[in-house]
Every structure is written in C-alpha cells, then in structure tokens.
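Here is how the chains run, residue by residue.
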Amino acid sequence: MNVSLKRMNAIFQKDLKDFSRNWAVSSVILMPIILGALFGRTGVQDLSSHYLLINLAMAMVAMFVQCCLIAEEKEKNTLRGLMLSPASSTEIIGGKSLLSLIFTIIVIYVTAMLADYRPANFGVVAAAIILSTLFYISLGTILGLFSKSVMEASLVVMPVIMVFSVGSFITNFVDSYPILKVALYLPNIQLIELATKVEAGGGFGDVLVELAIITGWVVASFIVTVYLYRRKMVD
Amino acid sequence: MNNIIEVSGLAKVFGNEKALESVDFHVKRGEIFGFLGPSGSGKTSTIKILTGQLTPTSGKATVFDESVSQMKKSEFRRRFGVLTDNSGLYGRLSIQDNLKLYCELYDVPVSKIDEVLDVVNLREDKSKRVSTLSKGMMQRVTLARALLHEPELLFLDEPTSALDPMNSLHIHEGLRALNAKGTTIFLTTHDMQEADALCDRIAFLNQGSIQLLDKPDKLKKRYSDSTITVELLNEEKVVLPAGAEGAQQLFDYMNNNQVVTIHSNEPTLGQIFVKVTGRKLA
C-alpha cells in the first residue's frame, strides 16, 4: 500500500489553517496549559495530579479536537469530498490526525513543564504518552464519525472526556465495588501505573505489561476507526 | 470501449421505498448525457451508485468497464469528478486554499487554479473566504474543484441551479470546452433549456425508471404536433398544419406579403416530459 505524504501534508496544512481560524475549538487547547500553570504555582507535585493534567490534555486536545474536526467535515459534507478524491483511507485519516497529534504533544510538554513534572525516565514516559495520544485521537475520530454535527460531537464527547480525564479517581472505589476493577485496564489508568513504576526507577522492561495494554487499546480503536470510516464512505 | 457507463436492470430500494426500478442506459465516451427528472426521481441515487457512494440493491452498473464497486479505489477516483448539490467547501478558507488542497490531492499543479476559476468566472475573487460567498458563487467554486483534474468522466448534479443566466451561460461554455477536450459529462438538471443546449442525448427519469431516452432534436420531432405558427402583419398568429394544405395557406400569406415570422411548433423538452410522465419537473 502506497501512502502519499504529500496528500497527508496537504490535509494537515488545510486543517492547520482552518483550525487557527476556528476559535470555538482551538481555544480548548489553552485549558490544560492554564491548569498546568496553576498547578505549578500552587506547588502540587504528586503524580496523580500530574497525570490528571496529562490525561485531561489528551482528552481535550487529542480526543475533543479530533472529534470536532471530523464532525465538522461530516456536517459540512467536506469529508465526502475527501473520500471521493484519490486520497486513500490511510492518507485521509492520517492527515486529519496529524494536527491533533502534534498539538497534543506540544500541549502535554508545555503543561508538564509549567506543572514542574520531570519524569524519571523521559523516553519511557514519552513513548507511553505518544501511544496513549494515538488511542485518544482514534477515539475522537470514532466519536466524530458517529456525530452528525459539531454540536452533537461536543455533547457526545463530554462523558468520554470525564471517564478518561478524571476517571482515575475510580480506582479509589475498586475495593468497595469490585466490578470497577475493569476500569483498571483503561489506558489512562495504565498510564498512571506506568508512570508510578517509572518514578520508582523502572525502565522499559518493567512497564511492558502497561505498554502492551495501551497498545491493545490503540490497535482495537484503529480497527474500529477504519471499519467505521469505510462504512461512512458508502451511504 | 465505446461506452464509458453501462447500466442494466439497476434498482435501489431504501426500506420500503423504491428509488430506482430497473434502470437501463449507457453513456458513450465523449458525449454529454442529460439525466432529467423531478426531485425524488432517483437522479442523485444514480450518481451515487455510479461513483461508488451507494450500493445498488440489484442490477449491473459499470463505469470504465469496471463494476461500480471498484469506484472506491484511488485509481478510479482519479478518473472521475463529481459535483453534487451538497458538495462541501471549507468556509473559513479562501477559494484558492480550497482548490489548492484538491490540487495536491489530485497531483495537479497549483497553476491550474486560475484556469478553472476563469471557467467559473471567479478568478478575481480567489482570495475571498468561502463563508462570505453567495450560494451561486459557492456552487461555482465546487464546479471549479470538479474541473481541476480534467476528469475523463464528470458527474454534475444540478450544476447551475443557483446561478443567474449570465453565469450559467459562462459555465455552459466551459463545459462545452471541457467536453471538446474529451471529458464525458453526465448531467442531471431540472433546467430543460440547459439540457437542450448542452446534451447530446437525454434520458427522462420518472418514479425510478427511464421513460424516454434519445437526442433532444429527435424527441422534439417525435412529439411535434406537425404544425407551424405564422405571425402576420396584423399581429395575428395562425397555426397551420405542416402538410400540403398548410403549405398552400402559407404560400397565400407570403404571396400577399403578410408574413412576419414562421415558427415550427416543436414542443419543449419540459412539455414532452409532462406529456410522457404527467408530472412537472420540480
């Protein structure tokens, strides 16, 4: 399968220009940065607070922004135009995900710096965050493909953002409600598990299980995304 | 391969509603084929099936000698262009930026943008944001986008429905020029004059099936009532039969220098449509 980087870049450049003029959506990227600055000033230094911010950044930037970008393409019938062009599914989904990916990485980096979070092993944490970001982008794409409009997308995405950003608090109730143990396998919780091991001196070899679980989520969400996208190509 | 599109027994059912019921036609390479019918007659469904956006319920349809299911492939999407009434544009971007994206998607040089904007009379406006354009201007931008890669086959769904007569004529000229370069055009329209002016052959679609298919001139002759209207100096209009009896009367009027104009009474395509289907094109 040939993938044209030129086509992906063309979609990315278009999205970048469009996004910079779309304040209703682009302004959300400021929220994690502002919170990061507040956390940094107030001296909140525990790991769960840092990952509350990081998961929020991924949910808001990777998932929310991606969901709105896709939903707007659907609402304005521009997605069909892309689908009818020679660009392949990979080029379109890839091109449309680049903006969310790049902005998420930048926002997480800036937020972490402002919140004064310096991981003990940057490489491991960076790999896990990039993997998690891919999952959130994929989930945003799925929700966007399900929504008929940006308005609907922004409503649909909210409960999902809640689960994946502040959902880590669920772990506090696992002892009382064993059924909630399932939530321990969510990628946001796995990311915190991984970060905890890293802070305790763990390297790649010590976090393989967490990385594998996050990768599993990424693969599963990719499969659903491609399946849904192909279904949307036909009325 | 003389036929670029071949359709036989094509049917599409949505729930309990039949959108298309055993449709048969072919489109020859290089022709402008008009597909006429009222709203809800199945025109857009046909375009969607032919471009791989809709799966037919039954029947056979081929484009470029390949099943329409293949039209989802990049290699075929490069060969056709589509303009439908809901083709979207990016409102926050300029006309130029919208077209630039498609230049890169189709591997067309950006210099082509000015050329297609000339066809739709929008070159002067290329820096304008799409959200500030009128509906007619937006329609012209989507048409320009469909023309960018000079497709072998162009599907146009009501291309001039929101345009004033001047711009419609300008676009007709552009379409004729594109057709002269070899692009086959599949055109759906309500506008009978447009169909008459542009199409080599037309098909009347009604209630999901084709009622008539022929050259516009042949259809008009076939449904002509074989009379002529003579306008006389005294402003009287006289309808004469086209046979010997009418010829004698016409000769008499002419001999007496009473004739101002003579018109053959061919029906318009719209009148033929109403006659055949009992429905108006709306």
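Residues numbered from 1 in each chain as written. Chains lettered and ligands numbered in written order. Predicted model: local features only at pLDDT ≥ 70, side-chain atom pairs only at ≥ 80, totals over all residues. Heavy atoms only, no water.

Going by what an unreviewed UniProt entry lists, chain B is known as ABC transporter ATP-binding protein and is assigned to Sporosarcina quadrami.

Labelled according to an unreviewed UniProt entry, chain A appears under the name ABC transporter permease, originating from Sporosarcina quadrami. Of chain A, the UniProt comment under Subcellular location (unreviewed entry) reads exactly: "Membrane". (UniProt positions renumbered as here; feature names shortened; annotations may be inferred.)

Counting its regular elements, chain B contains ten helices and 13 strands. Considering chain B as a whole, with its 282 residues, one finds that 50% of them fall into the buried category. Sequence separation of at least 24 residues holds for 67% of the intrachain contacts in chain B that already meet a minimum separation of 6. Accessible surface, chain B as shown: approximately 12,900 Å² in total, 47% of it carbon and sulfur. Across chain B, the centroid of the 34 positively charged side chains sits 7 Å from that of the 36 negatively charged ones. (Helix = DSSP H or I, 4+ residues; strand = E, 2+ residues; numbered from the N terminus. Buried < 20%, exposed > 50% of the residue type's maximum accessible area, 1.4 Å probe, protein only. Contact = heavy atoms within 4.5 Å. Areas by Shrake-Rupley, 256 points an atom, 1.4 Å probe, with all protein chains shown as cover. Lys, Arg positive; Asp, Glu negative; His and termini not counted. Charge placed at Lys NZ, Arg CZ, Asp CG, Glu CD.)

With that settled, consider the packing of aromatic side chains. Residue and element names in this part refer to chain A. Using the criterion set out here, one finds 17 aromatic pairs over all chains in the structure. Centre to centre, the rings of Y51 and Y117 are 5.5 Å apart; their planes meet at 75 degrees, and the pair counts as edge-to-face. Placement of Y51 in helix α4 (residues 47-75) and of Y117 in the loop between α6 (89-114) and α7 (122-146) is noted, with a sequence separation of 66 residues between them. An identical accessibility class is assigned to Y51 and Y117; each is buried. (Phe/Tyr/Trp six-rings, centres within 6.5 Å; stacked < 30°, edge-to-face > 60°.)

Another point: the interface of chain A and chain B. Contacts between the two partners involve 26 residues from chain A and, on the opposite side, 28 residues from chain B. Summing both partners gives a buried area of about 2,600 Å² for chain A against chain B, and 53% of it is carried by carbon and sulfur. At the surface where chain A touches chain B, the tally comes to five salt bridges. We note a salt bridge from K17(A) to D97(B), for which the minimum N-O separation is 3.2 Å. Listed by contribution, the elements that provide at least two residues to the side of chain A that touches chain B are α1 (5-20), α4 and α5 (78-83) of chain A. (Buried area = accessible area lost by both parts, 1.4 Å probe. Salt bridge = Lys/Arg side-chain N within 4 Å of Asp/Glu carboxyl O.)

In terms of nonpolar packing, the biggest core is built from 62 residues, with L99(B), L175(B) and F204(B) touching the most fellow members. What L99(B) contacts, discounting residues up to four positions off in sequence, is I113(B), V116(B), L117(B), V141(B), A144(B), R145(B) and L148(B). Counting 53 residues, the second-largest nonpolar core is a separate cluster that includes A59(A), I108(A), V125(A) and V160(A). (Core = buried A, V, L, I, M, F, W, Y, C linked by side-chain atoms within 4.5 Å.)

Mean pLDDT over chain A works out to 90, with 99% of the residues at or above the 70 mark. Across chain A, element-level confidence peaks in α7(A) with a mean pLDDT of 95 and bottoms out in helix α2 (residues 23-26) of chain A with 86. (pLDDT = per-residue confidence, 0-100.)

On to the pairing of strand β7 (residues 153-157) of chain B. Looking along a regular strand, one sees the side chains alternate between the two faces of the sheet. Residues and elements named next belong to chain B. The element β7 is extensively covered by neighbouring structure, given that five of its five residues are classed as buried. As paired strands, β7 and strand β8 (residues 184-189) are joined by five bridges and run parallel to one another. Residue F155 lies in a different strand from β8, and its bridge partner there is F186. Taken together, β7, helix α6 (residues 165-180) and β8 form a β-α-β motif whose crossover is right-handed. (Pairing = 2+ DSSP bridges. Right-handed = clockwise from strand over helix to strand, strands pointing away.)

We now examine the environment of Y253(B). Residue and element names in this part refer to chain B. Residue placement: Y253 occurs in helix α9 (residues 244-255). What makes Y253 buried here is its relative accessible area of 17%. Taking the C-alpha atoms as reference points, Y253 and L232, separated by 21 residues in sequence, lie 8.0 Å from one another. Not counting chain neighbours up to four residues away, the residues in contact with Y253 comprise L232, V238, L240, Q258 and V259.

This paragraph deals with the sheet that holds strand β12 (residues 237-241) of chain B. Residues and elements named next belong to chain B. In space, the three strands of this open sheet follow the order β12-β11-β13, with antiparallel pairing throughout. Edge positions in the sheet fall to β12 and β13 (259-264), since each of these pairs with one other strand and no more. Pairs of neighbouring strands in the sheet enclose a mean axial angle of 25 degrees, with direction left out of account. Packing of α9 onto the sheet brings it into contact with β11 (227-232), β12 and β13, and relative to β12 it is tilted by some 145 degrees. (Axes fitted to C-alpha atoms, helices over the stretch in contact; angles between N-to-C directions.)

Residues and elements named next belong to chain A. UniProt marks residues 21-39, 51-71, 92-112, 124-146, 153-174 and 207-229 with the feature "transmembrane region" (unreviewed entry), using the numbering shown here. Between the C-alpha atoms that bound residues 92-112 there is a distance of 31 Å. The span itself is 100% helix and 0% strand. As a span, residues 207-229 carries 96% helix and 0% strand, and end to end its C-alpha atoms are 33 Å apart.

Time to look at a positive patch on the surface. Residue and element names in this part refer to chain B. A cluster of basic side chains, namely K28, K215, K218 and K221, defines a positive patch on the protein surface. Positionally, K218 belongs in helix α8 (residues 216-222). Taking the relative accessible area as the measure of exposure, K218 reaches 48% and is therefore partly exposed. (Patch = residues over 30% accessible without salt bridge, like charges linked within 9 Å, V, L, I, M, F, W, Y side chains within 5 Å.)

Let's shift gears to the pattern of salt bridges. If you walk through the whole model with that rule in mind, you get 27 salt bridges over all chains. The shortest N-O distance in the salt bridge between R7(A) and D107(B) comes to 3.7 Å. Of the two residues, R7(A) is situated in helix α1 and D107(B) in the loop between α3 (95-105) and α4 (112-119); the pairing between them involves two chains. R7(A) sits in the buried class, given a relative accessible area of 6%. A residue is classified by how much of its surface remains accessible, and D107(B), at 44% relative accessible area, is partly exposed. The salt bridge partner of K220(B) is D196(B), with a shortest N-O separation of 2.7 Å.

Next up on the list: α6(B). All names here are of chain B. Compared with an ideal rise of 1.5 Å per residue, which puts 16 residues at 22 Å, α6 spans 22 Å between its outermost C-alpha atoms and is within 8% of the ideal. Taken together, the buried positions of α6 are N167, S168, I171, H172, G174, L175, L178 and N179. Along α6, the residues classed as buried sweep out an arc of 165 degrees about the axis, all on the same side. Within α6, the exposed residues directed more than 90 degrees away from the buried face are P165, M166, L169, E173 and A180. Capping the start of α6 is the job of one residue whose side-chain oxygen sits 3.1 Å from the backbone nitrogen of M166: D164. Residue G182 follows α6 closely and has a positive phi angle near 120 degrees. (Expected span 1.5 Å × (residues − 1). Arc of directions from axis to C-beta. Polar contact = N/O pair within 3.5 Å; in protein donor to acceptor, adjacent residues only side chain to side chain.)

Below, the discussion takes up the confidence of the model for chain B. All names here are of chain B. With 98% of its residues at a pLDDT of 70 or more, chain B shows a mean pLDDT of 89. Mean pLDDT across the secondary structure elements of chain B bottoms out at helix α10 (residues 269-277), with 84, and peaks at α3, with 96. Interface confidence for the predicted complex, expressed as ipTM, amounts to 0.87; the pTM equals 0.85.

Before going further, it helps to spend a moment on the domain arrangement of chain B. According to the domain assignment, chain B consists of domain 1 (3-220) and domain 2 (225-265). Computed over C-alpha atoms, the centres of domain 1 of chain B and domain 2 of chain B are 42 Å apart. (Domains from an automatic or database assignment.)

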